[in-house]
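# An overview of the molecular structure
One letter stands for each residue in the lines below.
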Amino acid sequence: MNRQAKGKTPRRPPPKKPSSNQKDPVGVYCRVRPLGAEDEECCIEVISSTTIQLHAPEGFKTNRNGEYKETQYSFKKVFGVSVSQMELFEYVAKPLVDDLIHGKNGLLFTYGVTGSGKTFTMTGSPGQGGLLPRALDMIFNSIGPYQAKRYVFKTDDKNGMDVQSEVDALLERQRRENNLPVPKATPSRQKLDPEIADMIKTEEAYKADGVDEDSSYSIFVSYIEIYNNYIYDLLEETQEDAIKPKPPQSKILREDQNHNMYVAGCMEVEVKSAEEAFQVFWKGQKKRKIANTRLNRESSRSHSVFIIKLAQAPLDADGDNILQDKSQVNVSQLCLVDLAGSERTGRTGAEGTRIREAGNINQSLLTLRTCIETLRENQMCGTNKMVPYRDSKVTHLFKNYFDGEGKVKMVVCVNPKADDYEETLLVMRFAEMTQEVEVARPVDRPICGFTPGRRNRNQAFKEELSRKLEERGGPIDRDVTSVINHLVHSLPPLPSSEITDPHDDITLPRLIEALQNRHRIRQMMIDEYNKAANMMKSMLQQLDSNLISKDNYMHEQNGKLAEKDKIIQANKAEMERLEKKTKMQEHKIDILQKTTKIYEDDKRSLRQELETRDHRLQRELSEKRRMEQRMHGVVSDTQHKWEKECERRVNAMQLEMQNKLWVKDEKLKQLKAIVTESKTSGRPDPPPRQTQPQPQRPSREERLPAKRSASPSPVPTATPVRPLHRRSRSAGGEKWVDHKPASSLDLGTVLQPVIPNAIQVSAPSEKALSKCDRYVLTHQEVASDGEIQTKLIKGEVIKTRGGGQAVQFTDIETLKQELTTASSRKRKSSEGTPASGDGTDGAWTDVETRCSVAVEMRAGSNMGPGFEHHGITKRRKP
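Per chain, residues are indexed from 1 in the order of the written sequence. Reporting of local features is limited, given that this is a predicted model, to residues whose pLDDT is at least 70; pairs of side-chain atoms are given and counted only at 80 or more, and all residues count toward the totals for whole chains, interfaces and linings. Side-chain calculation: all heavy atoms of the structure are included, whereas hydrogens and water are not.

## Comments concerning the overall build of the chain
- Scanning the chain from terminus to terminus reveals 16 helices and 27 strands.
- The rule is simple: take the accessible area with a 1.4 Å probe, protein chains only, and divide by the maximum for that residue type; under 20% is buried, over 50% is exposed, in between is partly exposed. The buried share of the chain, reckoned over its 878 residues, is 35%.
- Put simply, of all contacts in the chain between residues at least 6 apart along the chain, 70% involve residues at least 24 apart.
- As presented, the chain carries roughly 56,900 Å² of accessible surface, and 53% of it is formed by carbon and sulfur atoms. Helix and strand assignments follow DSSP, with helices taken as H or I runs no shorter than four residues and strands as E runs no shorter than two, numbered in order from the N terminus. The contact rule is simple, with two residues in contact once any of their heavy atoms fall within 4.5 Å. In short, Shrake-Rupley with a 1.4 Å probe defines the accessible areas, and a residue's cover is counted only from the protein chains shown.

## Observations concerning the environment of V97
- By the secondary structure assignment, V97 is in helix α3 (residues 94–101).
- A residue is classified by how much of its surface remains accessible, and V97, at 0% relative accessible area, is buried.
- With 38 residues separating them in the primary sequence, V97 and A135 have C-alpha atoms 6.5 Å apart.
- In this structure V97 touches F89, A135, M138, I139 and L334, once residues within four positions along its chain are discounted.

## Brief notes about the packing of helix α5 (residues 131–143) against helix α7 (residues 274–285)
- Across the interface, α5 lies against α7 with an axial gap of 9 Å and an inter-helix angle of 150°. On the basis of the axis angle, α5 is roughly antiparallel to α7. In this structure, the crossing between α5 and α7 has a hand that is right-handed. Contacts between α5 and α7 involve L132, P133, L136, D137 and F140 from the former and A274, A277, F278 and F281 from the latter.
- Following the grouping adopted for this structure description, the nonpolar residues are Ala, Val, Leu, Ile, Met, Phe, Trp, Tyr, Cys and Pro, the charged ones are Asp, Glu, Lys and Arg, and the polar ones are all others, Gly among them. Class assignment for the residues of the contact of α5 with α7 results in eight nonpolar, no polar and one charged. Note on method: axes are straight lines fitted to C-alpha atoms, helices fitted across the in-contact stretch only, with angles between N-to-C directions ranging 0 to 180 degrees. Angle categories are assigned with fixed cut-offs, so that under 35 degrees is roughly parallel, over 145 is roughly antiparallel, 65 to 115 is roughly perpendicular, and the rest are oblique. Take the far helix as the reference: if the near one is turned anticlockwise from it by less than a right angle, the crossing is left-handed, and if turned clockwise, right-handed.

## Details of the nonpolar core
- I52, F75, F398 and M428 are the most contacted members of the largest nonpolar core, which has 55 residues in total.
- Ignoring sequence-local partners within four residues, the contact set of F75 consists of V28, Y29, C30, T50, I52, M428, A431 and Q435.
- One finds M122, L235, I308 and V411 within the second-largest nonpolar core, a separate group that totals 48 residues. Buried residues of nine kinds, namely Ala, Val, Leu, Ile, Met, Phe, Trp, Tyr and Cys, make up a nonpolar core once their side-chain atoms join them within 4.5 Å.

## Some details on the sheet that holds strand β4 (residues 51–54)
- Ordered by their spatial adjacency, three strands build an open sheet running β3-β4-β5, and the pairing between neighbours is antiparallel. Edge positions in the sheet fall to β3 (44–46) and β5 (71–74), since each of these pairs with one other strand and no more. Shown here is a sheet whose adjacent strand axes are inclined to one another by a mean of 25°, direction ignored. Any two strands between which DSSP finds at least two bridges are classified as paired.

## Thoughts on the packing of aromatic side chains
- Ring pairs shown here join Phe, Tyr and Trp side chains whose ring centres sit within 6.5 Å, with only the six-membered ring taken for Trp; geometry is labelled stacked below 30 degrees between planes, edge-to-face above 60, and tilted in between. According to the stated counting rule, one finds 11 aromatic pairs in the structure shown.
- With 5.3 Å between their ring centres and 35° between their planes, F278 and F281 make a pair best called tilted. Taken together, the residues F278 and F281, both in helix α7 and three residues apart, mark about one turn of the helix.
- Classification of F281 as buried rests on a relative accessible area of 2%.
- One aromatic cluster is present, built from ring pairs that chain together Y223, F278, F281, W282 and F306.
- By definition, being over a ring means that NZ of Lys or CZ of Arg is both within 6 Å of the ring centre and within 35 degrees of the ring normal. Cation over ring: K77 sits above Y91, and NZ or CZ is 4.6 Å from the ring centre.

## Side note on the sheet that holds strand β23 (residues 736–739)
- Strand order in the open sheet formed by five strands is β24-β23-β25-β26-β27, and the pairing between neighbours is mixed. With partners counted over all chains shown, the strands left at the sheet margins are β24 (758–761) and β27 (805–816), one partner each. Strand-to-strand twist in this sheet, taken as the mean axis angle between neighbours without regard to direction, amounts to 25°.
- Summarising the sheet, β23 and β24 pair through four bridges and their orientation is parallel. What sits directly across from V737, in β24, is I759.

## Concerning the pairing of strand β21 (residues 406–414)
- Summarising burial for β21: eight of the nine residues are buried, a large majority.
- Relative to β21, strand β2 (residues 27–32) runs parallel, the two sharing six bridges. When the bridges of β21 are listed, C30 appears paired with V412.
- Relative to β21, strand β7 (residues 105–111) is paired through seven bridges, and the arrangement is parallel. Each bridged residue has a counterpart across the sheet, and for L107 the counterpart in β21 is V408.

## Regarding the packing of α3 against α5
- The contact between α3 and α5 brings their axes to 10 Å, and the two run at 40°. Overall, the two elements α3 and α5 adopt an arrangement that is oblique. Two packed elements cross with a definite hand, and for α3 against α5 that hand is right-handed. Where α3 approaches α5, its residues K94, V97, D98, L100 and I101 are matched on the opposing element by A135, M138, I139, S142 and I143.

## Concerning empty space enclosed by the protein
- Using a grid of 1 Å spacing that covers the protein atoms alone, one calls a set of points a cavity when a 1.4 Å probe fits there but cannot get out, and a pocket when the set is open and has protein on both sides within 12 Å along at least five of seven lines; lining residues are those with an atom within 4 Å of a point. Grid points are joined across faces, edges and corners, and a volume is the space filled by probe spheres set on the points. Counted by the stated rule, this structure contains four cavities of 30 Å³ or more.
- Estimated volume of the second largest cavity: approximately 70 Å³.
- Taken together, L107, F109, V337, L339, L368, V394, T395, F398 and F402 make up the lining of the second largest cavity.
- Across the lining of the second largest cavity, the residue classes tally to eight nonpolar, one polar and no charged.

## Observations regarding the pattern of salt bridges
- Salt bridges are counted wherever a side-chain nitrogen of Lys or Arg sits within 4 Å of a carboxyl oxygen of Asp or Glu. For the coordinates displayed, the defined rule picks out 27 salt bridges.
- For E276, the salt bridge is made with R150, and the minimal N-O distance between the two is 3.7 Å. In this pair, E276 is assigned in helix α7 and R150 in the loop between α5 and β10 (153–155), connecting sequence segments 126 residues apart. For the pair E276 and R150, a shared accessibility class is recorded, and that class is buried.
- Note that E609 is salt-bridged to R613, the shortest N-O span being 2.9 Å.

## With respect to the pairing of β2
- With respect to burial, β2 is a largely interior element, six of its six residues being buried.
- Covered by surrounding structure in β2 are G27, Y29 and R31 together with V28, C30 and V32, the residues of both alternating faces.

Set out below in structure tokens:
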């Protein structure tokens, strides 16, 4: 059954990326864990800063006859047991954080057997922070002064990033604080979880160089785990139900418009400080799957991926606001992966669910190893084999990094104890192979065309403007008293009002004039104020009406937005339903494909069985036809034999009856002669007449040509009748191999086998057999009566599968010579003989001496001679 191919949506052509011919090998580092207190034997020795040496334990040398020898492996750098977390971060993770801030992607994962210190290397402990908290601290130390306000950058759920204005961001903050409150940044380190407090000391802080000050930044973090090849969001808020807990929903991988893989529906939290980011990480860390095994008290049962996403957008030309252009937003991410350790169930004592977890962990690590091997083979041999990224969620999620989307680094953690020697040996081989894989170097992002230093110039302009305002009248936000004092000082000054003379007519009029002038100026100021107040009132009324109209418009838009939200919710529900239906259909398709495969296998096996039975039937039919031909020959031979036998018996009976009749005739003739002699005894015999003898009238016996006498003929020259016999199959048009051994004797018999188209050989050969269809062997042996009999053993030449010839014997013909003696019977002649009682022997002839006997016998016959034919001479006329 042929199923119609499923139609696929045509893929969009990938965006043209700047080509980079430069490639960098995957950076592989090795970190050696300190030996435990209970472990005595160490199998790893650090020789130099780039090389380690493995020593096989004594037990392995004894069990394997010393086949394990000391092996050395080289890495980009080896970190011994005395290396601190800060030194490890400086060599391994710090370059990746610098690339992240400058818009490039990075991937860092830890690899090793269970209990080798991978989680400690990635996370750390209080006072000894690992790679993850140090990376977060360095990021916020570098971009802290240039961070955008919360919700200015917003994810679009398609692995992209939108940018919105500060007003929209403010409304977003208010809406989320009212409806969906988010945890605010922790103001102090005293409120952090004690398990993660004081991860990094102040003197160990790092800061990146060359940060673009004319851009705004925002950090988003997400945390997922891959458990049993399913992806779960560790930051997803779930409603806890103590009665019937709801299991977490797995996520799926999707491909964005740039053909990059991402986890659809994964929660991305915007953080504004390293403490807040690590608090979010620790919240998800508590949900991660761990278990207690013999080798590790807290063994990770899943692969964890912590994704740090940095959104960066340039400022506008004024250096005041973020540029509202989505195409100018650059998103880079750093993935920190803590792989679960490979393990053997025999050593860990896993049972039930733990066995299934270990199997899935080992299978995903095996897929990662297979992808690395295929990449190395394609790069070194120039092949174009397909890399099986899709066989595991881990490799499928990070396939873009191996295709040239960022730097890839790996920290191989090893445990020097002797029990982990075999697993460590496999890890070393994988690490050595990974170093040979090269990844394309990511290109630098394009620079926008704005003038650099915009933020600093804008800040200087604002400071200068504030200074000028203070010089010309003070800042706008001064209190009312200072404003009133300023207005009072702006009026004309009052003249001196001291009166020394009662007849002074100058001081009072001058004071009255000054007061009138000030009243006039005050009135003008009041009029201007009223005018400005009325104007302001009208403006406020207009703004109020505009505000009311905008409120109505916003209410209308909110109504439409609510309808759109309902439509979106309905569409989401429909999408979920369709996705579930799609999953169900895919599951059914898988079942149908498996069923089809089973049916095709059954069909193929049944067809092979049918062909086998058909061949067997053909052989049986050919055997049946051969048996029919053989039986037909046997029947025809038997029928011919019995016909001859019946004819012989009929002839014998006829001869016997003729003999009896002849005897009676002879007796009658003798009686007649006696009577005649008695009558003519006194008469003399007449002289013989010299005349021609008259022909005698034939007797009744002579007038019967079909009758044959059983007595011998008086004439000895009579020839025996040639016996009838079946035509031999060797007289056909087939070609024979006539095998006559050199020891065969010539018996001088009358019957001799004559085979036309025959190749006579004294010993059979493959060359002679390949040219002929039939085979006959002339075999001579002594019979029971002491005579030599000749057997002709016949067969068919059959070609074999190996290209040779084989002979299948079919029947046997026997040629036998017999010497027989029989009592002779005599009869008296009726003519030319005297009537005396003494007769002569010449009147009688031995018939058996002139009888030839032919014997033929079929192979497998139990009837003795098939038939025999006696040749009898004809009786002479009297």
